[in-house]
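A structural walkthrough
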Amino acid sequence: MAGLVAADIEIADWLRRNFSHKCIILAVNKCESPRKGQMQALEFWSLGFTPLPISAITGTGTGELLDMVCSELKKFEGLEGLDDVEEDENRVPAISIVGRPNVGKSSILNALVGEDRTIVSPVSGTTRDAIDTELTTVDGQKYKLIDTAGIRRRAAVASAGSTTETLSVKRAFSAIRRSDVVALVIEAMACVSEQDYKIAERIEKEGKACVIVVNKWDTIPNKNNESTTHYEQDDYFCCFFG
Ligand SMILES: Nc1nc2c(ncn2[C@@H]2O[C@H](COP(=O)(O)OP(=O)(O)OP(=O)(O)O)[C@@H](O)[C@H]2O)c(=O)[nH]1
Ligand SMILES: [Mg+2]
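Within any chain, residue numbers begin from 1 and follow the written order of that chain's sequence. Whichever chain is written first becomes A and whichever ligand is written first becomes 1, with later ones labelled in order. pLDDT decides what is reported in this predicted model: residues at 70 or higher carry local features, side-chain atom pairs at 80 or more are listed and counted, and totals for whole chains, interfaces and linings draw on all residues regardless. Hydrogens and waters are ignored; side-chain quantities use all the structure's heavy atoms.

Patches were defined on residues exceeding 30% relative accessible area and lacking a salt bridge, with like-charge contacts within 9 Å and nonpolar side-chain contacts (Val, Leu, Ile, Met, Phe, Trp, Tyr) within 5 Å. Reported accessibility uses the Shrake-Rupley method at a 1.4 Å probe radius. Residues are deemed covered only where the shown protein chains occlude them. Think of a salt bridge as a Lys or Arg side-chain nitrogen and an Asp or Glu carboxyl oxygen that are within 4 Å of each other. On the surface, a cluster of nonpolar side chains totalling about 350 Å² of accessible area is made up of Met39, Leu42 and Trp45. Strands here are runs of E lasting at least two residues and helices are runs of H or I lasting at least four, both read from the DSSP assignment and numbered beginning at the N terminus. As for its position among the elements, Leu42 is in the loop between helix 2 (34-41) and strand 2 (51-53). Accessibility expressed as a relative area gives 45% for Leu42, which makes it partly exposed. The buried label goes to any residue with under 20% of its type's maximum accessible area, the exposed label to any with over 50%, and the partly exposed label to all in between, with areas taken from a 1.4 Å probe on protein chains only.

Here the idea is plain: a probe the size of a water molecule rolls over the atoms and shows the empty space left. The volume enclosed by the largest pocket comes to roughly 560 Å³. Grid points spaced at 1 Å over the protein atoms alone were grouped into cavities, where a 1.4 Å probe fits but cannot get out, and pockets, open sets with protein on both sides within 12 Å along at least five of seven lines, with lining residues defined by an atom within 4 Å of a point. In terms of lining residues, the largest pocket is bounded by 20 residues, among which Arg154, Phe173, Gln195, Lys198 and Arg202 are the most central. The element that contributes the greatest number of residues to the lining of the largest pocket is helix 7 (residues 194-205), accounting for 8 residues. Three classes are used: nonpolar for Ala, Val, Leu, Ile, Met, Phe, Trp, Tyr, Cys and Pro, charged for Asp, Glu, Lys and Arg, and polar for all others, with Gly counted as polar. Counted by class, the lining of the largest pocket contains 7 nonpolar, 3 polar and 10 charged residues. Grid points are joined across faces, edges and corners, and a volume is the space filled by probe spheres set on the points.

Any residue with a heavy atom lying within 4 Å of a molecule or strand is counted as near it. In the region of ligand 1, 20 residues are neighbours, and Lys105, Ser107, Gly125, Thr126 and Asp218 sit closest. Residues adjacent in sequence count toward polar contacts only when both atoms are side-chain atoms; beyond that, a polar contact is any pair of N or O atoms within 3.5 Å, and within protein one must be able to donate a hydrogen and the other to accept it. Residue Gly104 places a main-chain N or O atom 2.9 Å away from an oxygen atom belonging to ligand 1. In the environment of ligand 1, an oxygen atom lies 2.8 Å from a nitrogen or oxygen atom belonging to the side chain of Thr127. In isolation ligand 1 exposes 660 Å². Once the protein is present, 80% of that is buried. Here the shell around ligand 1 gets 3 residues from one element, more than from any other, and that element is helix 4 (residues 105-113). Looking at the shell around ligand 1 residue by residue, the classes come out as 5 nonpolar, 12 polar and 3 charged.

Turning next to the coordination of the magnesium ion (ligand 2). The donor set comprises N, O and S atoms within 2.8 Å of the metal, extended to 3.2 Å for Na, K and Ca; water molecules are omitted, so apparent gaps in a site may simply reflect that omission. The magnesium ion (ligand 2) binds to the protein through Ser106 (OG) and Thr127 (OG1), with metal-donor distances spanning 2.0 to 2.1 Å. Of this pair, Ser106 sits in helix 4 while Thr127 sits in the loop between helix 4 and strand 4 (131-136), placing them 21 residues apart in sequence. Of the two residues, Ser106 and Thr127, both sit in the buried class.

Here we come to the packing of aromatic side chains. Any aromatic ring pair is given by two values, namely how distant the centres are and how the planes are angled relative to each other. Think of it this way: a Phe, Tyr or Trp ring, Trp meaning its six-membered ring, pairs with another when their centres are within 6.5 Å, and the plane angle makes it stacked under 30 degrees, edge-to-face over 60, tilted otherwise. Considering all chains together, one arrives at 1 aromatic pair under this definition. Ring plane angle 70 degrees and centroid distance 5.2 Å describe the contact between Trp14 and Phe19, whose orientation is recorded as edge-to-face. Residue Phe19 is classed as buried on the basis of its relative accessible area of 14%. By definition here, charges over rings are those cases where NZ of Lys or CZ of Arg is within 6 Å of the ring centre and within 35 degrees of the ring normal. Stacked on the ring of Phe173, the Lys or Arg Arg202 has its end atom at 3.8 Å from the ring centre.

Our next topic: the pattern of salt bridges. For the structure on display, the rule yields 11 salt bridges. Between Arg91 and Asp180 there is a salt bridge, and its shortest N-O distance comes to 2.9 Å. Here the residue Arg91 occupies a position in the loop between helix 3 (62-74) and strand 3 (94-99), and Asp180 occupies one in the loop between helix 6 (163-177) and strand 6 (181-187), the gap between them amounting to 89 residues. Among the salt bridges present, the one from Arg171 reaches Asp129, with a minimum N-O distance of 2.7 Å. With Arg171 in helix 6 and Asp129 in the loop between helix 4 and strand 4, this pair connects stretches of sequence that are 42 residues apart. The class of Arg171 is partly exposed, set by a relative accessible area of 38%. When salt bridges that share partners are traced, they join Asp132, Lys144 and Arg178 into one network.

Here it is, written out as structure tokens:
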């Protein structure tokens, strides 16, 4: 057991900052001896979580760890017993397409499904609701694609005072929550904006995998083979990816 190190403190801080609404279990590994293990785990109390001494090699404490995980899982709504945790083979992975208004979210969905399922228009704010579309790939794998309304800055939404827009944004956030992967669309020629960061933060907070899609690539003038690398190495963009 290496004891408490700086990285543990950093990770614990990060978990507290970003996942305070989630259940966090602190397992202290390599505590082989049941009695001495309790002592070894003591210093981890300073992280602000209850340490559970375990040993992956001997199995000490792993039963308690499993019980804790299961009892937390049971608290979820609709989860009455562990049988329900079994992977639902019919579950279709969901991918939501999110971003600021007019970046081309609906166009991307239509391009992926190969037909005009959602309305595309140069008018910002065309999509007003989260729209689910099922896509079946050539190998038969099904996916649920969710087109969402453009998410403007909170202040802009508030000052517009539109209930419809407020609901649209809520539905976009709920689409993020029910997705397995989120495609965050940004516009190639527009700088990465504060709002793009905010949306990316939201996706991270929800703990979802994120793919950043740079759309309207055709609008970049004088492209060559290195354009993508230049784009990725741009300071502003690097921060975004970082
Ligand atoms: N040049 C160019 N224009 C695009 C591209 N993708 C979309 N557009 C145009 O951008 C405009 C907005 O496209 P939409 O797909 O409606 O954008 P959206 O993000 O769904 O917009 P909202 O629903 O209003 O949030 C339309 O005029 C599209 O034709 C692209 O790759 N290149
Ligand atoms: Mg749209």
